[in-house]
Every structure is written in C-alpha cells, then in structure tokens.
Amino acid sequence: QVQLAESGGGLVQTGGSLRLSCAASGSIFEVQNMAWYRQAPGRERALVAIINNLGSTNYANSAKGRFTISRDNAKNTVDLQMNSLTPEDTAVYYCYGEVIAGEGLSLRGYWGQGTQVTVSS
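A brief look at the structure comes next. (Residues numbered from 1 in each chain as written. Predicted model: local features only at pLDDT ≥ 70, side-chain atom pairs only at ≥ 80, totals over all residues. Heavy atoms only, no water.)

### Description of the sheet that holds strand β3 (residues 18–26)
- Strand order in the open sheet formed by four strands is β1-β3-β8-β7, with antiparallel pairing between adjacent strands. Bordering the open sheet on either side are β1 (2–7) and β7 (67–72), each of which pairs with just one other strand. Between one strand axis and the next, the sheet turns through 15° on average, direction left out of account.
- Pairing of β1 with β3, which is carried by six bridges, proceeds in the antiparallel orientation. Bridging across to β3, Val-2 finds its partner in Gly-26. (Pairing = 2+ DSSP bridges. Helix = DSSP H or I, 4+ residues; strand = E, 2+ residues; numbered from the N terminus. Axes fitted to C-alpha atoms, helices over the stretch in contact; angles between N-to-C directions.)

The following block contains the structure:
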C-alpha cells in the first residue's frame, strides 16, 4: 500500500508565495514521475508541473516562470514552490506519483488527498 500526503496549502494574498510538499510512503521500490495537478471549482483536474526521477521538469503554461517543482528521491518527496500567486491559482492541488511498489513490483499511479490553495485579491 502506498500513500501520498500533501501539506502546505492555505490562504495567501495576490502576489504572495506558498510551498506545497508531498511525501510518498509505503512499500515503495521506486518512484518514477511525480507531479502536481490542480482542480478549480467547475473545472477539470489539470497538470501544473511534472518531474521525473532524473530531475527533468515540465510545466503548464500558467505555471512557467512562477512555479518550481523539485523532488528528493531519497525521501520520496516532491515540492511545488509557487510565487506571484493570483486568484486564478485558487484550486485544490493534488500530488501524483507513479510508483513501483508491493511484492509484485507493479507500477501504478497514486493520488494524494488534495490541499486547498486560496489566493485572495
């Protein structure tokens, strides 16, 4: 069993910063891609940023230049540093990880429970 647990959400004013963290735990052999998604009210869940286990990153256009994704492979954690936040960034942010785990060493994706980010104008 694998769990992803996020932390770091909250309320911030426009122009402010937040740092989200996510830790994967359980019977983990290896974590491959890790990512942050977000879902605003009335919208579909969308990719914000992704990082592979070699450190290569990719960002949604809305995140480029403002957000930075990073990871610690030894700790199976992924962070999202968010700067210059605007009300359009208000959403529930979800951590996602592709994990090889269990006795069968099967690869599957896991989601965290989500953390609310609210940016006030």
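### Some remarks on the nonpolar core
- In this structure, Trp-36, Leu-80, Met-82 and Tyr-93 are the most contacted members of the largest nonpolar core, which totals 30 residues.
- Top element by residues in this core is strand β9 (residues 91–101). It accounts for five residues. (Core = buried A, V, L, I, M, F, W, Y, C linked by side-chain atoms within 4.5 Å. Buried < 20%, exposed > 50% of the residue type's maximum accessible area, 1.4 Å probe, protein only.)

### Digging into the side chain of Arg-71
- Here Arg-71 lies in strand β7.
- Buried Arg-71, no salt bridge; nearest opposite-charge side chain is Glu-30, N-O distance 7.8 Å.
- Within polar-contact distance, the side chain of Arg-71 engages the side chain of Asn-73 at 2.6 Å.
- Among all residues touching Arg-71, those that are not within four sequence positions of it are Val-31, Gln-32, Asn-33, Met-34, Ile-51, Asn-52, Asn-53, Thr-77 and Val-78. (Lys, Arg positive; Asp, Glu negative; His and termini not counted. Salt bridge = Lys/Arg side-chain N within 4 Å of Asp/Glu carboxyl O. Polar contact = N/O pair within 3.5 Å; in protein donor to acceptor, adjacent residues only side chain to side chain. Contact = heavy atoms within 4.5 Å.)

### Here's the deal with the pairing of strand β11 (residues 115–120)
- Here β11 shows a clear split, with Thr-115, Val-117 and Val-119 buried on one side and none of Gln-116, Thr-118 and Ser-120 buried on the other.
- Looking at chain direction, strand β2 (residues 10–13) and β11 are connected through four bridges and run parallel. Within the sheet, the bridge partner assigned to Gly-10 lies in β11 and is Val-117.
- Sheet analysis places β9 next to β11, joined by three bridges and oriented antiparallel. Its bridge partner being in β11, Tyr-93 is matched across the sheet by Thr-115.

### Some words on the environment of Val-12
- With respect to the secondary-structure elements, Val-12 resides in strand β2.
- C-alpha separation for the pair Val-12 and Ser-120, spaced 108 residues apart in sequence, amounts to 6.3 Å.
- Non-local contacts of Val-12, meaning those with residues more than four positions away in its chain, are made with Ser-17, Leu-18, Leu-85, Thr-118, Val-119 and Ser-120.

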